[in-house]
Amino acid sequence: MGSREKNLKSFHSNRSKNNIKQGIKDVPKGCLAIKVGSREEEKQRFVVPVFYFNHPLFMQLLKEAEEEYGFEQKGTITIPCHVEVFQYVQDKIHREISVNYHGNHYHNSHNHLVGCFRA
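In what follows, the accompanying structure is described. In this text the structure is predicted, and so the values were computed from the model without any measurement.

## What to know about the overall build of the protein
Step number 1: Each helix and strand in the protein was counted, giving 3 helices and 3 strands.
Step number 2: The order of helices and strands in the protein, counted from the N terminus, is α-β-β-α-β-α.
Step number 3: Taking all 119 residues of the protein together, 37% fall into the buried category.
Step number 4: Pairs at least 24 residues apart make up 61% of the contacts formed inside the protein by residues separated by at least 6 positions.

## Here's the deal with the packing of aromatic side chains
Step number 1: Inspection of every chain in the model, using the stated rule, returns 5 aromatic pairs.
Step number 2: Plain terms: the ring middles of phenylalanine 51 and tyrosine 52 are 5.6 Å apart, the flat faces sit at 65° to each other, and that makes the pair edge-to-face.
Step number 3: Residue classification places phenylalanine 51 among the buried positions, given a relative accessible area of 13%.
Step number 4: In textbook terms, an aromatic cluster arises when at least three aromatic residues are bridged by ring pairs, as seen for Phe46, Phe51, Tyr52, Phe53, Phe58 and Phe86.

## Examining helix α2 (residues 56-69)
Step number 1: Taking 1.5 Å per residue, 14 residues should reach 20 Å; α2 reaches 20 Å between its end C-alpha atoms and fits that length.
Step number 2: Along α2, the residues that are buried comprise Leu57, Phe58, Leu61, Glu64 and Ala65. On an axial view of α2, the arc spanned by its buried residues comes to 115°, and they lie on one face.
Step number 3: Positive backbone phi, at 80°, marks glycine 70, one or two positions downstream of α2.

## With respect to the sheet that holds strand β3 (residues 77-79)
Hydrogen bonding along the main chain pairs the strands of a sheet, whether they run parallel or antiparallel.
Step number 1: Across the sheet, which stays open at both edges, the 3 strands sit in the order β2-β1-β3 with mixed pairing between neighbours. The sheet is open, and its two borders are formed by β2 (44-49) and β3, each paired with just one other strand. With strand direction ignored, the average angle separating the axes of adjacent strands in the sheet is 40°.
Step number 2: α2 contacts β1 (31-36), β2 and β3 of the sheet and is inclined by roughly 100° relative to β3.

## Description of the nonpolar core
One recurring pattern in soluble globular proteins: nonpolar side chains tend to sit buried together.
Step number 1: Among the nonpolar cores identified, the biggest contains 18 residues, and Ile34, Val36, Val48, Phe58 and Phe86 are the most heavily contacted of them.
Step number 2: Residue assignment for this core shows that the elements contributing at least two residues are β1, β2, α2 and α3 (83-101).
Step number 3: A total of 5 residues in this core trace back to one element, the largest contributor, which is α3.
Step number 4: When sequence neighbours within four positions are dropped, the list of residues in contact with valine 36 reads Glu42, Lys43, Gln44, Phe46, Ile79, Cys81, His82, Val83 and Phe86.

Definitions and limits used
Residues numbered from 1 in each chain as written. Predicted model: local features only at pLDDT ≥ 70, side-chain atom pairs only at ≥ 80, totals over all residues. Heavy atoms only, no water. Helix = DSSP H or I, 4+ residues; strand = E, 2+ residues; numbered from the N terminus. Buried < 20%, exposed > 50% of the residue type's maximum accessible area, 1.4 Å probe, protein only. Contact = heavy atoms within 4.5 Å. Phe/Tyr/Trp six-rings, centres within 6.5 Å; stacked < 30°, edge-to-face > 60°. Expected span 1.5 Å × (residues − 1). Arc of directions from axis to C-beta. Pairing = 2+ DSSP bridges. Axes fitted to C-alpha atoms, helices over the stretch in contact; angles between N-to-C directions. Core = buried A, V, L, I, M, F, W, Y, C linked by side-chain atoms within 4.5 Å.

Right, dumping it as structure tokens:
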């Protein structure tokens with residue numbers, strides 16, 4: 001099992017919806033805790049593998065966070081989108097990485113999602 005698959009398993013087993021009081025100790029090596037939620041909903045905590053930060057869909061979420069909060073966010077990175085949208089993006093990234101990891105061919109099918117992150 002490759003390190004990405006191990007990180008994905010850690011990532012899925014460490015996802016937490018409402019337990020924001022957890023400390024750094026529960027964040028596995030190679031992962032980062034973030035907060036996700038639109039203005040209308042309570043922010044939820046997620047632990048994501050750092051290699052997600054290089055994925056175009058996740059980069060779009062980070063760009064929107066920068067537009068919303070600027071570069072000088074204090075503390076945990078907060079992604080300003082609905083939790084359901086984030087979970088959809090998360091699943092799409094996970095599926096793409098799994099397909100690529102197993103040597104299957106993948107064509108870029110996420111261009112239609114640009115602009116759907118805003119609440």
